[in-house]
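Spelled out, the chains give:
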Amino acid sequence: MSIAETLEIWYNINSRKLPWRESVSAYHIWLSEIILQQTRVNQGLAYYNRFVERFPDIRALSAAPVDEVLRLWQGLGYYTRARNMHQTAQMIVNKYQGEFPVTYDALLKLKGIGPYTAAAIASIAFNEPVALVDGNVFRVISRLYGIDTPIDTPKGKVVFMQHAQDLLNTDNPGLHNQAMMELGALVCLPRNPRCTECPLVSHCKALKHNTISLLPRKSGKTSMRERFFHYLFINHNGFTYIKRRENKDIWKLLYEFPLIETDRETDFDQLRQTTFWKEFFAKTDERVEPQVQYFRHQLTHQTLHCRFYTIHTASEPALDKHPYLAVKIAEISRYAIPRVIDRFLGNLQHERLL
DNA sequence: TAAGCGTGGGG
DNA sequence: TCCCCAAGCTT
């Protein structure tokens, strides 16, 4: 029996039951694939269900304001995915009469759809014989064939893509692709893989050569940046102030409190000397609560040191130079906010309940 | 082309 | 606690 045949038999017995696997609609496949980019099934599942319920079809999604889409996406990370997904929905409704393109090449042209997602939709929804390569497939193939070419290089992408395409069962490409990923997700794990349960154990070069723990190989080299965020949580008669991040940085289009960013640890006195502070509080007297809440927030290539200063003011801060939005504190939940601000607000609520 | 983009879970 | 990793894409 071929590797592909063995794999499919295993998949038909062992695959997880997941909501998007109940559907063959390109919309559902697309939605799940965008959500699952760099995201575990367990983390994305609830988001998928919420999106399908709120936006049952692509027209509903295209008609929503981007702020609502981001609010629903809040907490999932990589927010560009939500913006691109929304734009693509509008493109498909306005230019393609609400119908997805049906080929890999055409799908690839849409925003937020790269080689992986185009192959996933084309093979699963439209039965096109294109292999896909994601993190799971890199792992399975590198071990199966004992390939130590680094996966995070242009050459690596070519090499692994070729092997994946050679291995593809063109009779049922969608099933085959999902089976490859499922094997990586359930059996061929990054650490402590379950080789005794693996249907391909007799074919596995890495197991034979005892190189499982060395594969897949990565070229490495990543740098870490430290940033210091000082958030001003204003309370003026139950109102606080927020603004949408518009620049090319993290959390684009998410809302946040007035922010003073520094490139090193900064104490409170230094903060009060900043131009922003002087301008912002020029017209009012600020009373800062003594306890400052600190959160260390870890991103992939940045460590954020976030301090939240709760500040009561007698009158409204100067909004002419700094166009912040006044919102009732109880109504912040209407806006999409970064996880670390959500954590801060959660702490507040928790303390008040105690 | 390499760097940047979030968050949560697990070892 | 720290580091790795996860159904990748964009610029």
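Residues numbered from 1 in each chain as written. Chains lettered and ligands numbered in written order. Predicted model: local features only at pLDDT ≥ 70, side-chain atom pairs only at ≥ 80, totals over all residues. Heavy atoms only, no water.

Asker: Tell me what's going on with the overall build of chain A, and back it up with residues and numbers.
Answerer: Within chain A, the regular secondary structure consists of 15 helices and eight strands. If one aligns the C-alpha atoms of chain A with their principal axes, the spans along those axes are about 80 × 50 × 40 Å. Of all 354 residues assigned to chain A, the portion counted as buried reaches 49%. Contacts spanning at least 24 positions in sequence make up 68% of the contacts within chain A whose residues lie at least 6 apart. (Helix = DSSP H or I, 4+ residues; strand = E, 2+ residues; numbered from the N terminus. Buried < 20%, exposed > 50% of the residue type's maximum accessible area, 1.4 Å probe, protein only. Contact = heavy atoms within 4.5 Å.)

Asker: Requested: an account of the packing of aromatic side chains, with residues and values cited.
Answerer: Counted by the stated rule, this structure contains 23 aromatic pairs. Measuring from centroid to centroid gives 5.1 Å for W20 and Y48, while their planes differ by 80°, and the two rings are edge-to-face. Of the two residues, W20 is situated in the loop between α1 (3-14) and α2 (26-36) and Y48 in helix α3 (residues 41-54); the sequence distance between them amounts to 28 residues. Each member of the pair, W20 together with Y48, is buried. Both rings, one in F308 and one in F344, keep their centres 4.1 Å apart while their planes meet at 5°; by these two values the pair is stacked. Highlighted residues: F308 in strand β7 (residues 302-313) and F344 in helix α15 (residues 339-353), separated in sequence by 36 residues. The residues F308 and F344 share a single accessibility class, namely buried. Among the aromatic residues, those joined into a ring-pair cluster are F229, Y231, F233, W251, F257, F295, F308 and F344. (Phe/Tyr/Trp six-rings, centres within 6.5 Å; stacked < 30°, edge-to-face > 60°.)

Asker: Could you give me a rundown of the side chain of N235, with the residues and numbers involved?
Answerer: As for its position among the elements, N235 is in strand β1 (residues 225-235). Here G238 takes part through its backbone nitrogen, which lies 3.0 Å from a polar atom of the side chain of N235. Once you skip the residues sitting within four places of it in the chain, N235 turns out to touch I311, H312, T313 and I329. (Polar contact = N/O pair within 3.5 Å; in protein donor to acceptor, adjacent residues only side chain to side chain.)

Asker: Please provide a residue-by-residue account of the protein's contact with DNA strand B, values included.
Answerer: Within the structure, DNA strand B sits among 22 residues, and R40, W251, T300, Q302 and R339 are positioned closest to it. Within 4 Å of the protein, atoms of DNA strand B come from sugar and phosphate in 56% of cases. In this structure, Q38 approaches DNA strand B through a main-chain N or O atom, which is 3.2 Å from a base nitrogen. Between L76 and DNA strand B, the recorded distance is 3.4 Å, taken from a backbone N or O atom to a base nitrogen. Taken together, the residues of the surface near DNA strand B sort by class into eight nonpolar, ten polar and four charged. (Near = heavy atom within 4 Å. Nonpolar A, V, L, I, M, F, W, Y, C, P; charged D, E, K, R; others polar.)

Asker: How would you sum up α2? Please name residues and give values.
Answerer: Of all eleven residues that make up α2, eleven are buried, and the element is covered over most of its length. All of the buried residues along α2 are A26, Y27, H28, I29, W30, L31, S32, E33, I34, I35 and L36. Buried residues belonging to α2 abut α3, α4 (58-63), α5 (66-73), α6 (80-95) and α8 (115-126). At the exit of α2 stands Q38, carrying a positive phi of roughly 55°.

Asker: Give a detailed account of the protein's contact with DNA strand C, specifying residues and quantitative values.
Answerer: Lining the immediate environment of DNA strand C, one finds 29 residues, of which Q38, G112, D134, N136 and R139 sit closest. At a separation of 2.5 Å, a phosphate oxygen of DNA strand C approaches a polar backbone atom of G112. Looking at the surface near DNA strand C, the elements that each hand over two or more residues are α2, α8, α9 (135-144) and α11 (173-186). Split into classes, the residues belonging to the surface near DNA strand C amount to nine nonpolar, nine polar and eleven charged.

Asker: Kindly report on the side chain of R227, identifying the contributing residues and their values.
Answerer: Mapped onto the fold, R227 is located in strand β1. Overall, the relative accessible area of 3% leaves R227 in the buried class. Contact partners of R227, with chain neighbours within four places excluded, come to D249, I250, E261, T262, Q302, T303, L304 and H305.

Asker: I'd like a rundown of the state of the cysteines, residues and numbers included.
Answerer: Two cysteines, two sulfur atoms, one covalent bond between them: this is a disulfide. All told, the structure shown has zero disulfides when counted by the stated rule. Sulfur of C188: no disulfide; nearest cysteine sulfur belongs to C198 and is 6.3 Å away. Taking relative accessible area as the criterion, C188 reaches 11% and is therefore assigned buried. Cysteine C204 is unpaired, with the sulfur of C195 as its nearest cysteine sulfur at 6.2 Å. With a relative accessible area of 14%, C204 lands in the buried category. (Disulfide = S-S within 2.5 Å.)

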